[in-house]
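Below, each chain spelled out in residue letters.
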Amino acid sequence: TILRPVRGYYIVGASGSYDANNKISTENSGTSSISEVGYGNNTNATFGVEYQYQTNFEFANTSISFKSASAITAATVSVIGIHSLNGNNTASLHDNIITGLKVNKSDNSLYLTGIDIESNASTDIYNNIVQAFDHQNSNSAPVWGIKVATGASNIYNNIVSDLKNNSTATNQGRVIGIESA
C-alpha cells in the first residue's frame, strides 16, 4: 500500500533506451492500493501512476483512491489515475479500480481523468472500474473516464460510471465516459 502520495508510481525510461517489461501488480492474488492520492500542497500534476518510455509495461490489480477528507485544491495541472506520457509506449492496463476523485478548484485547465493515454503505440485497457469523479467548481475543465489521444488501443470490459462536472462555463464542463482517437 502507498498512502497519501502526490504521485503513487512514476516510471520513466530514457527516450533513446526504453525500459522493458516493468510490472506493477500483485504477486499471487488480491489487490495492491494507492490510497488518498493528492495530499500535500502540490502545484504539479497529481496521479496514481505515470509511465514514460516503456515497452510491455503492465499495471494491474491495483486500487487507486483519491484524497477524500476534502477536495483536492492545490493541483494546477491535472489529476489523473493512470497516465501515459512521452514515447511510443506499449502497455496493458487491467483489473484496476480508480475511484473517489473530487476537485474543487476554479481552473478551467485542470482536467480530471481516470486513464489518460497521451503517448502510446499500443495499449490494452480492460476490466477496469473508473467511478465517482466530481469536478465541483462552476468554472471547470472536462472530466474523462478513459481518454486515449494517440496509438492503437483495445478498450473493452471496462465500467465507467458516476462522473460529474458542475461547470456552467461555455465550452467547459464536459463529461466524457470513454474517448478514443
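For the structure itself, look to the data block above.
An account of the accompanying structure is given in this report. (Residues numbered from 1 in each chain as written. Predicted model: local features only at pLDDT ≥ 70, side-chain atom pairs only at ≥ 80, totals over all residues. Heavy atoms only, no water.)

Observations concerning the sheet that holds strand β5 (residues 32-37)
The strands making up a sheet associate through hydrogen bonds between their backbones, and the pairing can be parallel or antiparallel.
At step 1: Strand order in the open sheet formed by six strands is β1-β5-β9-β12-β15-β18, with parallel pairing between adjacent strands. On the outer flanks of this sheet lie β1 (2-3) and β18 (159-165), each paired with one strand and no other.
At step 2: Pairing geometry for strand β9 (residues 62-66) and strand β12 (residues 97-103), over three bridges, is parallel. If you follow Ser63 over to β12, its bridge partner there is Ile97. (Pairing = 2+ DSSP bridges. Helix = DSSP H or I, 4+ residues; strand = E, 2+ residues; numbered from the N terminus.)

As for the pairing of strand β16 (residues 143-148)
At step 1: The element β16 is largely enclosed, with a buried count of six among its six residues.
At step 2: When strand β13 (residues 111-117) meets β16, the two strands line up parallel, connected through five bridges. The residue bridging Thr113 from the neighbouring strand is Trp144, located in β16.
At step 3: In the sheet, β16 pairs with strand β19 (residues 175-180) via five bridges, with the strands oriented parallel. Across the sheet, the residue bridging to Trp144 is Ile176, located in β19. (Buried < 20%, exposed > 50% of the residue type's maximum accessible area, 1.4 Å probe, protein only.)

Topic: the sheet that holds β13
At step 1: The strand order β2-β6-β10-β13-β16-β19 describes an open sheet built from six strands, whose pairing is parallel. The open sheet has two edge strands, β2 (7-12) and β19, and neither has a second partner. For this sheet the average axis-to-axis angle between neighbouring strands, irrespective of direction, equals 15°. (Axes fitted to C-alpha atoms, helices over the stretch in contact; angles between N-to-C directions.)

Remarks on the pattern of salt bridges
At step 1: Taken as a whole and assessed by the stated rule, the structure comprises three salt bridges.
At step 2: Glu36 is paired through a salt bridge with Arg4; the nearest N and O atoms lie 2.9 Å apart. Taken as a pair, Glu36 in strand β5 and Arg4 in the loop between β1 and β2 lie far apart in primary sequence, 32 residues in all.
At step 3: In this structure, the salt-bridge partner of Lys164 is Asp162, at a minimum N-O distance of 3.9 Å.
At step 4: On the accessibility criterion, Lys164 (43% relative accessible area) is partly exposed.
At step 5: Overall, the relative accessible area of 44% leaves Asp162 in the partly exposed class. (Salt bridge = Lys/Arg side-chain N within 4 Å of Asp/Glu carboxyl O.)

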